[in-house]
Amino acid sequence: GRVVRTVDIPLPGMSMVHDLSITDRYVVVYDQPVLVDLDLVVAERFPFRWSDDYGNRVGLMPRDGDAGDIVWVDVPVGYVFHPLNAYDTPDGKVVLDVCFYDTMMRDDLRGPFGDSLPRLLRWEVDPVARRVHETVIDDHVNEFPRHRGSLTGKPYRYGYCAQVDLHAMHWPTVKHDLHTGTRTVFDHGPGRAAGEAVFVGRPGSTEEDDGWLVMFVHETDATEFVVLDAQDFDRGYVARVRLPQRVPFGFHGNWAPDAPTP
């Protein structure tokens, strides 16, 4: 529960760093072409703007390393708010699964979803050759990705996302099997938009997806807290709780037990 050290990383510009990834070996830094523009504050706008000339790269810093140890690797130009997970491979590469926007705050400065919509990609980064191999996991819209938390930074199989639809209150929940490439969709129904799904493991479970997904489902004037069986979407809601007042849309959530897990 304490900060043990900090590392200052010099960048060529004031990049909007929203998130990072970790693996067993590395801290992964995203240095992307959305830059802070304080002039926009005067205009009462988000102080961020796309740069056509900045480029896009990830930095692999050893977990016990310093800024001088970072290996920078160019990646396709675009923007990542949220990585799904990351891990090291036995041959020394780094796998990054990310929700990727082709552009961000270039023409529409109001925030996410204005210029482009995110799809789910896999980057396999080679720190020796300093190259990246890209694979499209899912061309559908994917955001607010989550995985089983105990596998953060480690090889994993399943990921969970919201499938955002800007034209309607209709955001299904998607489960990705990253081994088989299959996707399973839970449709919450018209006028219902599910937010970030948080995975809660079943006590004593041995299978990665043995547990529940918990999330808010938003409507125009109401909100439900719902529980899905992560292994069986066909089962429908395991539980649904109508909340006494509407909860505004948010980005992220977490779950914690009310007593320590044995």
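Computed from a prediction, not measured in an experiment: that's the story for all the values here. (Residues numbered from 1 in each chain as written. Predicted model: local features only at pLDDT ≥ 70, side-chain atom pairs only at ≥ 80, totals over all residues. Heavy atoms only, no water.)

Considerations on the packing of aromatic side chains
Counted only if it meets this: Here is the rule: rings of Phe, Tyr and Trp (six-membered ring for Trp) pair when centre to centre is within 6.5 Å. Planes less than 30 degrees apart are stacked, more than 60 are edge-to-face, and the remainder are tilted. What counts as a helix is a DSSP run of H or I of at least four residues, what counts as a strand is a run of E of at least two, and both are numbered from the N terminus. Per-residue accessibility, obtained with a 1.4 Å probe over protein chains only, is compared with the maximum for each type, and a residue is labelled buried under 20%, exposed over 50%, and partly exposed between these values. For a Lys NZ or an Arg CZ to count as sitting over a ring, it must be within 6 Å of the ring centre and within 35 degrees of the ring normal.
Using the criterion set out here, one finds ten aromatic pairs in the structure. Pairing Phe-100 with Trp-123 gives two aromatic rings, centres 5.6 Å apart and planes at 70°, and the pair type is edge-to-face. Of this pair, Phe-100 sits in strand S8 (residues 94–101) while Trp-123 sits in strand S9 (residues 119–126), placing them 23 residues apart in sequence. In terms of burial, Phe-100 and Trp-123 fall into one category: buried. Each ring, one from Phe-186 and one from Tyr-237, has its centre 5.2 Å from the other, and the planes form 55°; the classification is tilted. Taken together, the positions of Phe-186 in strand S15 (residues 183–186) and Tyr-237 in strand S20 (residues 237–242) put the pair 51 residues apart, joining distant regions of the chain. An aromatic cluster is defined as three or more aromatic residues linked by ring pairs; in this entry it consists of Tyr-79, Phe-81, Tyr-101 and Phe-113. Over the face of the ring belonging to Trp-72 we find Arg-57, whose NZ or CZ atom lies 3.6 Å from the ring centre. Lying over the aromatic face of Tyr-158, Lys-175 brings its terminal NZ or CZ to 4.5 Å of the ring centre.

Remarks on the pairing of S8
In plain terms, the rule: In this description, strands pair whenever DSSP reports at least two bridges between them.
Counting buried positions over the eight residues of S8 gives eight, a clear majority of the element. Of the two faces of S8, the one lined by Val-94, Leu-96, Val-98 and Phe-100 and the one lined by Val-95, Asp-97, Cys-99 and Tyr-101 are each fully buried. For strand S7 (residues 79–88) and S8, the ladder comprises seven bridges, and the chain directions are antiparallel. Residue pairing in the sheet places Tyr-79 in a bridge with Tyr-101 of S8. Between S7 and the antiparallel strand that follows it, S8, lie five residues; Gly-92 among them carries a positive phi value of about 95°.

Overview of the pattern of salt bridges
The criterion, for reference: Salt bridges are counted wherever a side-chain nitrogen of Lys or Arg sits within 4 Å of a carboxyl oxygen of Asp or Glu.
Within this structure, the stated rule accounts for 20 salt bridges. In this structure, the salt-bridge partner of Arg-119 is Asp-102, at a minimum N-O distance of 3.1 Å. Pair noted here: Arg-119 is in strand S9 and Asp-102 is in the loop between S8 and S9, with a separation of 17 residues, a long-range link. Residue Arg-119 is classed as buried on the basis of its relative accessible area, which comes to 17%. Classification of Asp-102 as partly exposed rests on a relative accessible area of 36%. The partner of Arg-119 in a salt bridge is Asp-139, and the shortest N-O contact between them spans 3.8 Å. Residue Arg-119 is found in strand S9, and its partner Asp-139 is found in the loop between strand S10 (131–138) and strand S11 (143–146); the two are separated by 20 residues along the sequence. Since its relative accessible area comes to 58%, Asp-139 is described here as exposed. What you see here is one network of salt bridges that share partners, running through Arg-192, Glu-219, Glu-224, Arg-240 and Arg-242.

Regarding unusual backbone geometry
Not every positive phi belongs to a glycine, and Met-105 is a case in point at roughly 55°. As for its position among the elements, Met-105 is in the loop between S8 and S9. Phi is positive for Arg-130, which is not a glycine, with a value near 55°. Its place among the elements puts Arg-130 in the loop between S9 and S10.

Examining a negative patch on the surface
Test applied: A patch consists of residues exposed above 30% relative accessible area that lack any salt bridge, with like charges linked at up to 9 Å and nonpolar side chains (Val, Leu, Ile, Met, Phe, Trp, Tyr) linked at up to 5 Å. Residue burial considers only the protein chains on display, and all accessible areas are found by Shrake-Rupley using a 1.4 Å probe. Lys and Arg are tallied as positive, Asp and Glu as negative. Neither His nor the chain termini are counted. The atoms used to mark charge sites are NZ of Lys, CZ of Arg, CG of Asp and CD of Glu.
Together, Asp-8, Asp-64, Asp-66 and Asp-69 line one region of the surface with negative charge. Summarising the element assignment, Asp-8 is placed in the segment before strand S1 (20–22). For Asp-8, a relative accessible area of 70% corresponds to the exposed category.

Observations concerning the sheet that holds strand S14 (residues 173–177)
So the rule is basically this: A fitted line through C-alpha atoms serves as each axis, taken over the contacting stretch for helices, and the angle formed by two N-to-C directions is quoted from 0 to 180°.
Taken in spatial order, the four strands line up as S11-S12-S14-S15 in an open sheet, and their pairing is antiparallel. This sheet does not close on itself; its edge strands, each paired only once, are S11 and S15. Neighbour-to-neighbour, the strand axes of the sheet open up by a mean angle of 20°, direction not taken into account. Bridging between S14 and S15 involves four bridges; their strand directions are antiparallel. If you follow Val-174 over to S15, its bridge partner there is Val-185.

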